[in-house]
Amino acid sequence: MLAAGRSRRFGRADKLIAPYEARPLICHAATALSAIRPEHLIVVTRSSRVAALLPGWHVVAPEAGLPQSASLRAGIAAAIERDAQRALIVLGDMPAVTKPLLEAVVARMGEGQAAAATDGKRRLPPAGFPKAYFSDLMAAQGDQGARALLAQIPGPQLVLAKASELHDVDRPADLN
C-alpha cells in the first residue's frame, strides 16, 4: 500500500490519519487489503502515526521529498526482498476500495499479465503486477508512478469498478 505522498492539496494535516467515517482514512484501504489475506502486507509511509495504525505490516520509509515513483520503487523493492511473485498496489487515500474489487483485480492478474481497476475512462489502482513487471516498476520515474504501465494493460485485464470505489481523498472536502 502506498501511503507516503506529500498531500500538498490537503494542507498541513496528515490526511491518512484524518477521520473518515469514524476511523483514520488509511484504515479503510488497509482493512480491505488485509481481508484478501495477501502473503505479505507492505506499507510505504514516512509517518510513524500511520505505521502505528498498521500492526503486523512491514513498513518501508522512503526518503522524504522524492517523487511518487520513489514510493512505488520502495514498495516493489520490499516485495522483491520477500520473493513475492506479484504485487497488488493499493493507495492509502482510497477509502472506498472493497475486498471484492481487490479480489477481482487479483483474479484478472495472470502469469505475466497485469490487471487494474477502471472507471470506464481511466486505468487506476488498485493494480496488480506479476513478478515479470517488477523491473519496469523499479524503473518508474517522476510523479507518474506506474501510469505508463497501467496505460498498456489490455481491456480484458481491466476490472470495471464503481466510481465510488475509486474515490480518493486529496482535499479536506473529499472526506465528506
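About the criteria used
- Residues numbered from 1 in each chain as written.
- Predicted model: local features only at pLDDT ≥ 70, side-chain atom pairs only at ≥ 80, totals over all residues.
- Heavy atoms only, no water.
- Pairing = 2+ DSSP bridges.
- Helix = DSSP H or I, 4+ residues; strand = E, 2+ residues; numbered from the N terminus.
- Axes fitted to C-alpha atoms, helices over the stretch in contact; angles between N-to-C directions.
- Buried < 20%, exposed > 50% of the residue type's maximum accessible area, 1.4 Å probe, protein only.
- Salt bridge = Lys/Arg side-chain N within 4 Å of Asp/Glu carboxyl O.

## Remarks on the sheet that holds strand β6 (residues 115-118)
Backbone-to-backbone hydrogen bonds pair the strands of a sheet. The strands run either parallel or antiparallel.
Part 1: Spatially, the 4 strands line up as an open sheet ordered β5-β7-β6-β8, and their pairing is mixed. Two strands close off the open sheet at either side, each with one partner strand: β5 (86-89) and β8 (158-160). The sheet shows a mean angle of 15 degrees between the axes of neighbouring strands, taken without regard to direction.

## As for the pairing of strand β7 (residues 123-130)
Residues in a regular strand point their side chains to alternate faces of the sheet.
Part 1: Among the 8 residues that make up β7, 7 are buried, leaving the element largely enclosed by the rest of the structure.
Part 2: Here 4 bridges tie β5 to β7, and the two strands are oriented antiparallel to one another. Bridge assignment links Ile89 to a residue of β7, and that residue is Ala127.
Part 3: In the sheet, β6 pairs with β7 via 4 bridges, with the strands oriented antiparallel. Residue pairing across strands places Ala117 opposite Leu124, the latter belonging to β7.
Part 4: The antiparallel hairpin formed by β6 and β7 contains 4 residues in its connecting segment, where Gly120 sits at a positive phi of about 100 degrees.

## Thoughts on the pattern of salt bridges
Part 1: A full pass over the atoms with the stated rule returns 6 salt bridges.
Part 2: A salt bridge links Arg82 to Glu81; its shortest N-O distance comes to 3.6 Å.
Part 3: Put simply, Lys99 and Glu103 hold a salt bridge, and the shortest N to O gap is 3.7 Å. On the criterion of helical spacing, the pair formed by Lys99 and Glu103 is a turn pair, its members being 4 residues apart in helix α4 (residues 99-108).
Part 4: Since its relative accessible area comes to 36%, Glu103 is described here as partly exposed.
Part 5: Several salt bridges share partner residues, and in doing so they unite Lys15, Asp93 and Asp170 into one network.

## A word on the environment of Ala29
Part 1: Mapped onto the elements of the fold, Ala29 is located in helix α1 (residues 25-35).
Part 2: Note on Ala29: relative accessible area 0%, which makes it buried.
Part 3: Sequence separation between Ala29 and Ser48 is 19 residues; the distance between their C-alpha atoms is 18 Å.

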